[in-house]
Number of protein chains: 2
Amino acid sequence: MVDPHHSELSESVLHGDQSLQKAGLKLTRPRRDILRVLEEAANTGQHLSADDILQQLEIADRQVGLTTIYRVLNQFEHVGLVDRHNFEGEHAVFELAHRSHHDHMVCVESGRIEEFCNSDIERLQSEIAEAAGYDLVGHRLVLFVRPQKGGTD
Amino acid sequence: MVDPHHSELSESVLHGDQSLQKAGLKLTRPRRDILRVLEEAANTGQHLSADDILQQLEIADRQVGLTTIYRVLNQFEHVGLVDRHNFEGEHAVFELAHRSHHDHMVCVESGRIEEFCNSDIERLQSEIAEAAGYDLVGHRLVLFVRPQKGGTD
DNA sequence: TTCTATGCAAATTATTTGCAGCACT
DNA sequence: AGTGCTGCAAATAATTTGCATAGAA
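Residues numbered from 1 in each chain as written. Chains lettered and ligands numbered in written order. Predicted model: local features only at pLDDT ≥ 70, side-chain atom pairs only at ≥ 80, totals over all residues. Heavy atoms only, no water.

## With respect to the protein's contact with DNA strand C
Around DNA strand C, 20 residues are found, and the nearest of them are A:Tyr70, B:Thr28, B:Arg31, B:Thr68 and B:Arg71. Across the atoms of DNA strand C situated within 4 Å of the protein, the share located in sugar and phosphate is 66%. Between DNA strand C and B:Thr28, the relevant distance is 2.6 Å, taken from a phosphate oxygen to a side-chain nitrogen or oxygen of the residue. In this structure, B:Thr68 approaches DNA strand C through a side-chain N or O atom, which is 2.4 Å from a phosphate oxygen. When contributions to the surface near DNA strand C are tallied by element, the ones reaching two or more residues are helix H4 (66-79) of chain A together with helix H2 (29-43) and helix H4 (66-78) of chain B. (Near = heavy atom within 4 Å. Polar contact = N/O pair within 3.5 Å; in protein donor to acceptor, adjacent residues only side chain to side chain. Helix = DSSP H or I, 4+ residues; strand = E, 2+ residues; numbered from the N terminus.)

## Concerning the interface of chain A and chain B
How big an interface is tends to be reported as the loss of accessible area on association of its parts. In this assembly, 34 residues from chain A lie in contact with 34 residues from chain B. Taken over both partners, the interface formed by chain A and chain B buries close to 3,100 Å², and the fraction arising from carbon and sulfur atoms is 62%. Its largest share of buried area at the contact with chain B, chain A owes to A:Tyr134, A:Arg140 and A:Gln148, together 24% of the area lost on that side. Along the contact surface separating chain A from chain B lie zero salt bridges. Our count for the contact surface shared by chain A and chain B stands at 19 residue pairs in polar contact (both at pLDDT 80 or more). Counting residues per element, the side of chain A that touches chain B draws most heavily on strand E6 (residues 134-147) of chain A, which supplies 14 residues. Split by residue class, the side of chain A that touches chain B holds 19 nonpolar, eight polar and seven charged. Looking at chain direction, E6(A) and strand E6 (residues 134-147) of chain B are connected through 13 bridges and run antiparallel. What sits directly across from A:Tyr134, in E6(B), is B:Pro147. (Contact = heavy atoms within 4.5 Å. Buried area = accessible area lost by both parts, 1.4 Å probe. Salt bridge = Lys/Arg side-chain N within 4 Å of Asp/Glu carboxyl O. Nonpolar A, V, L, I, M, F, W, Y, C, P; charged D, E, K, R; others polar. Pairing = 2+ DSSP bridges.)

## What to know about the protein's contact with DNA strand D
In the neighbourhood of DNA strand D, 20 residues make up the surrounding shell, with A:Thr28, A:Arg31, A:Thr68, A:Arg71 and B:Tyr70 lying closest. What you see for DNA strand D is that sugar and phosphate hold 62% of its atoms within 4 Å of the protein. Between DNA strand D and A:Gly65 there is a distance of 3.1 Å, counted from a phosphate oxygen to a backbone nitrogen or oxygen. One of the backbone N or O atoms of B:Ala92 is found 2.8 Å from a phosphate oxygen in DNA strand D. Within the residue set of the surface near DNA strand D, elements represented by two or more residues are helix H2 (29-43) and H4 of chain A together with H4 of chain B. The dominant element in the surface near DNA strand D, judged by the number of residues it contributes, is H4(B), at five residues. For the surface near DNA strand D, the residue count by class is five nonpolar, eight polar and seven charged.

No statement about biological role is implied by the geometric values presented.
Encoded structure:
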């Protein structure tokens, strides 16, 4: 059954809808709203914290409790809909799960986060693990960068 | 992988002593004890959390307040005496600062943490940053691995 | 003695859980 | 009516801060 209300939502959200149902999660207003915010963030390549999402929702006049945000975010993560990151070490940030693997580059001046993927590095990682007698099952790579030309930012 | 000198760690501690004085930090009992615990951990390649250190100190009958441990750890970090890591995302772990840069490999089965350094990966990282218009100022790389030969556990 | 260090308790921050009420089938 | 969803408030966990006292130079 399709709810006429979300006709304004993009395909991706509908896709998320499917994922949710498949995972036994009902597509409720809070979940839809959170999904939408994550969507927008994905478009601009942003990574949001639970609180960021709360702010966005308040701005959009779509009240959702912080508790629910945390709970939904965890559910989404378990379902594989979103990825959780811990760049800051203080609070986690989330992003809609990507189809493909990628790593992050964080600008220490602007806070901007860019994504990249380098097969050479990926391969080297496996080699390193193997050489140490292990099998690589995952990894986390974050580059901290700063604008090249003496940027005033 | 056992180390020869395991009873007397005075030498290195004295080194830390110098670093502390140079940084304007007095060598007090708590700081010396914490340094000693970090020393032992370094010998066995362990990374300790503030609470781990508290435990170690209690075992060694050297009472130090958790508050002090956190405070000292921060001071040590600022002085460049220890490095802070956030493998778990919940609590930070520390290790005596290494003279040389290195990354980590965490075994998802045993929790064991190994260190490594690969110049090819380091170089690739710079190239990636440059290509994106940035200068690499730092990075964090953690490989999650599992013992090779069929995990029998 | 002077200034820094310590530690207990209270404060913070990020996140989770208990539980009563609401929603949808 | 039943089962899942929400959100407030209280509970946690990790870490920090206020403040009076103890300690190093």
